[in-house]
Amino acid sequence: MTSSLSQRITTIWASLPPSVRLIAVSKTFPAEDIRAAYNAGIRDFGENRIQEAASKQAELQDLPDITWHFIGRLQSNKAKKAIELFDWIHSVDNLKLAQRLNQLAQELGVSPQVCLQVKILPDPNKSGWSVPELLADLLALNQCKDLQIQGLMTIPPLGLNETQTIDVFNATSNLAKEIQKQNWSHLKMQELSMGMSGDYQLAVPAGSTMVRLGTILFGQRT
Ligand SMILES: *Cc1c(COP(=O)(O)O)cnc(C)c1O
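Residues numbered from 1 in each chain as written. Predicted model: local features only at pLDDT ≥ 70, side-chain atom pairs only at ≥ 80, totals over all residues. Heavy atoms only, no water.

Quick look at the overall build of the protein chain
(1) Moving on: When you go through the protein chain residue by residue, the secondary structure sums to nine helices and nine strands.
(2) Moving on: Structurally, the protein chain occupies a C-alpha span of about 50 × 45 × 30 Å along its principal axes.
(3) Moving on: Here the protein chain has roughly 10900 Å² of accessible surface; of this, 49% comes from carbon and sulfur atoms.
(4) Moving on: Distance between charge centroids for the protein chain: 2 Å, based on 21 positive and 21 negative side chains. (Helix = DSSP H or I, 4+ residues; strand = E, 2+ residues; numbered from the N terminus. Areas by Shrake-Rupley, 256 points an atom, 1.4 Å probe, with all protein chains shown as cover. Lys, Arg positive; Asp, Glu negative; His and termini not counted. Charge placed at Lys NZ, Arg CZ, Asp CG, Glu CD.)

Here's the deal with the site of the ligand
(1) Moving on: Residues in contact with the ligand, as listed here, are Val25, Lys27, Ile71, Ile155, Met196, Ser197, Arg212, Leu213, Gly214, Thr215 and Arg221.
(2) Moving on: Between Lys27 and the ligand, the recorded distance is 2.7 Å, taken from a side-chain N or O atom to an oxygen atom.
(3) Moving on: In this structure, an oxygen atom belonging to the ligand sits 2.6 Å away from a side-chain N or O atom of Ser197.
(4) Moving on: Isolated, the ligand exposes 390 Å² of accessible area, and the fraction of that covered by the protein chains is 89%. (Near = heavy atom within 4 Å. Polar contact = N/O pair within 3.5 Å; in protein donor to acceptor, adjacent residues only side chain to side chain.)

Let's talk about the environment of Arg212
(1) Moving on: Checked against the element boundaries, Arg212 lands in strand β9 (residues 210-213).
(2) Moving on: In this structure the C-alpha to C-alpha distance between Arg212 and Ala53, which are 159 residues apart in sequence, comes to 16 Å.
(3) Moving on: Of note is the side chain of Arg212, whose polar atom sits 2.9 Å from the backbone oxygen of Ser193.

A closer look at helix α6 (residues 131-142)
(1) Moving on: An ideal rise of 1.5 Å per residue puts 16 Å on twelve residues; α6 measures up with 16 Å between its terminal C-alpha atoms.
(2) Moving on: Buried residues along α6 sit against α5 (95-108), β5 (113-119), β6 (129-130), β7 (148-154), α7 (162-181) and β8 (187-193). (Expected span 1.5 Å × (residues − 1). Contact = heavy atoms within 4.5 Å.)

A short note on the side chain of Asp93
(1) Moving on: Its location among the elements puts Asp93 in the loop between β4 (88-92) and α5.
(2) Moving on: Separated by 2.6 Å, the side chains of Asp93 and Ser127 make a polar contact.

A look at the pattern of salt bridges
(1) Moving on: For the coordinates displayed, the defined rule picks out seven salt bridges.
(2) Moving on: For Arg35, the salt bridge is made with Asp62, and the minimal N-O distance between the two is 2.8 Å. Residue Arg35 is located in helix α2 (residues 31-39), and its partner Asp62 is located in the loop between α3 (50-59) and β3 (67-70); the two are separated by 27 residues in the primary sequence.
(3) Moving on: Several salt bridges converge on common partners, so that one network encompasses Glu47, Glu52 and Lys56. (Salt bridge = Lys/Arg side-chain N within 4 Å of Asp/Glu carboxyl O.)

Observations concerning the nonpolar core
(1) Moving on: Among the nonpolar cores identified, the biggest contains 64 residues, and Phe45, Leu134 and Leu141 are the most heavily contacted of them.
(2) Moving on: Looking at which element gives the most residues to this core, the answer is α5, with six residues.
(3) Moving on: Those residues in contact with Leu141 that lie beyond four places of it in its chain are Leu95, Ala98, Leu116, Trp129, Leu134, Ile149 and Leu187.
(4) Moving on: Core analysis: the next-biggest nonpolar cluster, separate from the first, contains six residues, Trp88, Cys115, Met153 and Ile155 among them. (Core = buried A, V, L, I, M, F, W, Y, C linked by side-chain atoms within 4.5 Å. Buried < 20%, exposed > 50% of the residue type's maximum accessible area, 1.4 Å probe, protein only.)

Some remarks on the side chain of Gln117
(1) Moving on: Its location among the elements puts Gln117 in strand β5.
(2) Moving on: Not counting chain neighbours up to four residues away, the residues in contact with Gln117 comprise His90, Ser91, Val92, Asp93, Ser127, Gly128, Trp129, Met153 and Ile155.

Quick word on the layout of surface pockets
(1) Moving on: Empty space within the largest pocket amounts to approximately 840 Å³.
(2) Moving on: Lys27, Ile71, Lys126, Ile155 and Met196 are the residues nearest the centre of the largest pocket, which is lined by 33 residues in total.
(3) Moving on: When the residues that make up the lining of the largest pocket are grouped by side-chain class, the tally is eleven nonpolar, 14 polar and eight charged. (1 Å grid on protein atoms, 1.4 Å probe; cavity = no way out; pocket = protein on both sides within 12 Å on 5 of 7 lines; lining within 4 Å. Points joined across faces, edges and corners; volume = space filled by probe spheres on them. Nonpolar A, V, L, I, M, F, W, Y, C, P; charged D, E, K, R; others polar.)

Observations regarding empty space enclosed by the protein
(1) Moving on: Summed over the entire model, instances satisfying the criterion amount to one cavity of 30 Å³ or more.
(2) Moving on: Val118, Lys119, Ile120, Leu121, Asp123, Thr154, Ile155, Pro156, Pro157 and Val168 are the residues that line the largest cavity.
(3) Moving on: Class assignment of the residues belonging to the lining of the largest cavity gives a composition of seven nonpolar, one polar and two charged.

What to know about unusual backbone geometry
(1) Moving on: In this structure, Thr28 is a non-glycine residue whose phi angle is positive, near 75°.
(2) Moving on: Its place among the elements puts Thr28 in the loop between β1 (21-25) and α2.
(3) Moving on: Of note, Asn183 is a non-glycine position whose phi angle comes to about 55°, a positive value.
(4) Moving on: On the secondary structure map, Asn183 appears in the loop between α7 and β8.
(5) Moving on: Residue Asn183 is classed as exposed on the basis of its relative accessible area, which comes to 67%.

Structure below.
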């Protein structure tokens, strides 16, 4: 028996603690699928390409209470568009980008919510700060006062077993706690964007506050 989108949403929601935000990753899926998920109650959507998101948002203008999350690699030349189109940017992955976003936010008079993307293990296929790099950049990040830096985001490398994946999520959670203890004036560490379709059930016990789910909701991307 195949289940409907709204049944899948209901089931996953029931399995998540109320403190965890379900972000429906709608990349590659058309606006009508976003509308169906919206009608099933979803208000948070994740996209990873600026142009694709812009055209879907144009089709969904009658749904004003969507929170849009950017989760893809962000090039500096698209930073302005990202701030204009998205409420959250999960994938701030280096200091230069953070400073660029901060300057644009100031110019535009907005204060986007962001997560800092960290790599707990080396991973040539992913961008993000290593732990020592992030710790070294905290002072400069704390000065990005037009960004609301809310926490950390991580994507474990492909091919880890369950124990290794749990270790990555716990290390990210512990890193956030360590930063929190340093009492920065402008760095909040209350959000952990961790967990995708294949591993969110491991991310939640480690303290995830935002799971980013695509395939398990919308099906396989082609
Ligand atoms: C595509 C994507 C997801 C969703 O992945 P699924 O495995 O389909 O749930 C989550 N996070 C990021 C950063 C992505 O690029």
